[in-house]
Amino acid sequence: MIKVLIADDEKHVREAIKLLADWEGHGVTEILEANDGQAAVDLIIEESPQIVMTDMRMPRMDGTKLLEWIQSNRPAVKTIVISGYDDFELVRHTIRSGGMDYILKPVDPDALGEALGKAVESIHKETLQDSLSTRKNMELNRMKPHYADKLLTDLISSHGSKDELARQLRDEFGLPEDITACSAAVISTTQLDQELLNKFRSMRQLLYFTLINVCNEVLLSGQKGIAFHHLANPEEIVLLIWDETMPLEATLKEIRSGIDLTLHRQIHIGAGPREPFPMDTAGSYLNAHQALWQRNAGELSGWLHTSTPQPQKPLRLASHEESFRMAALSGSMEQISAAVDGWMDSVRKLGKVTPAELTQWNTEWDWMLKQWMDQGAGSASPGSDKDALLELPRSLPMDPQGKLSYPLWKSQYEGRLTAASRILTQQHSRESHIIHDIAHYLENHYAEDISLQDMAARFFLSREYISRRFKQEFCVNISDFLAGVRIDKAKLLLLNPQLRISQVAEMVGYQDEKYFSKVFKKQEGRTPNEYRKEQASR
């Protein structure tokens, strides 16, 4: 019997996680839920779950504090972080706090299943192990490669003492004592083509292992240099090369040939200058990283990138947002294609397109689409189409040679706009239906004391949303609409001479006769009494 606790302040995320994993297949008999870290602590104390899956950003007690509490008070609990933040400090804190995995949102079912499987497997192993010492040894062996990645990641960043990190690498992983300088090089899986990434869709760690293994075979596992997984930027493989017997380009060319032989892809590599080790290793890495991401992806002018060109004036996706939005609202593939072509024409005029710009535009796409979706947040979101939108390719539109493929890029953008078109159409239809339901309610309950807050509570929508959408739909605010309904009903009642005006006012929802007369005159241009006399004389 295994209990799992899911801690996340967003209910829809908890529901998604519950749907994505094969709980029964992993022997999970009960799933608990908490909407913040403090509630999670209370449930851990009360229910003793063996596995905790937690978000990092939550109210009251966030994920970092929860992990610290678990490590101090329930160290046997297996923790898996599921976060929307690709933040190295959060990953580092997860490692330090004993976390088993760090999964990014939106959650990949295979990644979740793999993490859950590892956690369950770890529980079973610990149940069968005879002694604490055996358990510790197995954990150390499992974490050692990751620990090496951590030390090397710190070496190329601003974390820790460089001399102390170098000493630990020499003592624990056998790095040569006589390294005085090295060059950094960078390979990014983000810049690989979608076809290759799809092959490793559920086995991304295998892709990283393959690339690192090819690199380290050429580098003779630490004699000439070392390759590792950059924990702060998980899509990067970083190489530190200190051997001087062969030119840097020749070494990287041999590595590139090995990768081509293994994966059948001609990758691009960024390389930094040779700098003193360990103090200036971070500077060489930064140069290599910038050179790779500032290369011209629009043309193939070489595979090794060692210099960073001057940045060009940025082109913002926001400048075409209205064109994209109107095309999506039109539902016309012809309009969608034309909008994307307009964007592509603007890009081509730049003369140069870098991977960094492609990534920035993807980020702007995410923001733009989120704004569109949020505009309809007052009504239920069309889940299946929204999920389809989120599942569209996240890779850069590169061909197998690492060159920008305009046809693939256009296809990706058209796909996103088509999915957005379906969502916006469904939202508009659903929203119009709800707003008309509100209008129908007002027409049938005009005699009651109705407020905007009453409508919000009855229809489970925010006051702001109702006010905004009602005016969009009827071109009048909700209070004026209700007043119009009441005055129309009052005009009918005034035809009956047996009803006093005060009675008419009360019957249409006005307790104050003077206020009723004021509203009536404002709308009809005459008082209720004048209106009654006018109708009687006809």
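We now turn to the structure provided with this report. (Residues numbered from 1 in each chain as written. Predicted model: local features only at pLDDT ≥ 70, side-chain atom pairs only at ≥ 80, totals over all residues. Heavy atoms only, no water.)

1. Notes on the environment of His268
Along the chain, His268 falls in the loop between helix 10 (248-263) and strand 9 (269-271). Taking the relative accessible area as the measure of exposure, His268 reaches 9% and is therefore buried. Counting along the chain gives 250 residues from His268 to Lys18, while the straight-line C-alpha distance between them is 40 Å. Ignoring sequence-local partners within four residues, the contact set of His268 consists of Val186, Ile187, Leu292, Arg295, Leu300, Gly302, Trp303, His305, Gln401 and Gly402. A distance of 2.8 Å separates a polar atom in the side chain of His268 from a polar atom in the side chain of His305. (Helix = DSSP H or I, 4+ residues; strand = E, 2+ residues; numbered from the N terminus. Buried < 20%, exposed > 50% of the residue type's maximum accessible area, 1.4 Å probe, protein only. Contact = heavy atoms within 4.5 Å. Polar contact = N/O pair within 3.5 Å; in protein donor to acceptor, adjacent residues only side chain to side chain.)

2. Focus: the sheet that holds strand 2 (residues 28-34)
Read from one edge to the other, the open sheet built from five strands follows the order 2-1-3-4-5, with strand pairing classed as parallel. Every interior strand has two partners, whereas the edge strands, strand 2 and strand 5 (101-104), have only one. This sheet shows a mean twist of 20° between the axes of neighbouring strands, independent of strand direction. For strand 1 (residues 2-7) and strand 2, the ladder comprises six bridges, and the chain directions are parallel. By the bridge assignment for strand 2, Ile2 is matched with Val28. Helix-sheet contacts for helix 1 (residues 11-20) involve strand 1, strand 2, strand 3 (51-54) and strand 4 (78-83), and the interaxial angle to strand 2 is about 170°. Sitting on the sheet, helix 5 (residues 109-128) touches strand 1, strand 3, strand 4 and strand 5, and the angle it makes with strand 4 is about 170°. (Pairing = 2+ DSSP bridges. Axes fitted to C-alpha atoms, helices over the stretch in contact; angles between N-to-C directions.)

3. Regarding empty space enclosed by the protein
Gaps left between atoms are located by rolling a probe of water-molecule size over the structure's atoms. As enumerated under the stated definition, the model contains one cavity of 30 Å³ or more in all. Lining the largest cavity are 13 residues, and of these Gln191, Leu192, Gln266, Ile267 and His268 lie nearest its centre. Here the residues of the lining of the largest cavity sort into four nonpolar, six polar and three charged. (1 Å grid on protein atoms, 1.4 Å probe; cavity = no way out; pocket = protein on both sides within 12 Å on 5 of 7 lines; lining within 4 Å. Points joined across faces, edges and corners; volume = space filled by probe spheres on them. Nonpolar A, V, L, I, M, F, W, Y, C, P; charged D, E, K, R; others polar.)

4. Let's talk about the side chain of Glu236
Along the chain, Glu236 turns up in strand 8 (residues 236-241). Arg295 provides the closest opposite charge to the buried, salt-bridge-free Glu236, at an N-O distance of 11 Å. Polar contacts involving the side chain of Glu236 include one to the side chain of Tyr285, which spans 2.8 Å. Discounting residues that sit within four places of it in the chain, Glu236 has contacts with Val186, Ile187, Phe228, His229, His230, Tyr285, His289 and Trp293. (Lys, Arg positive; Asp, Glu negative; His and termini not counted. Salt bridge = Lys/Arg side-chain N within 4 Å of Asp/Glu carboxyl O.)

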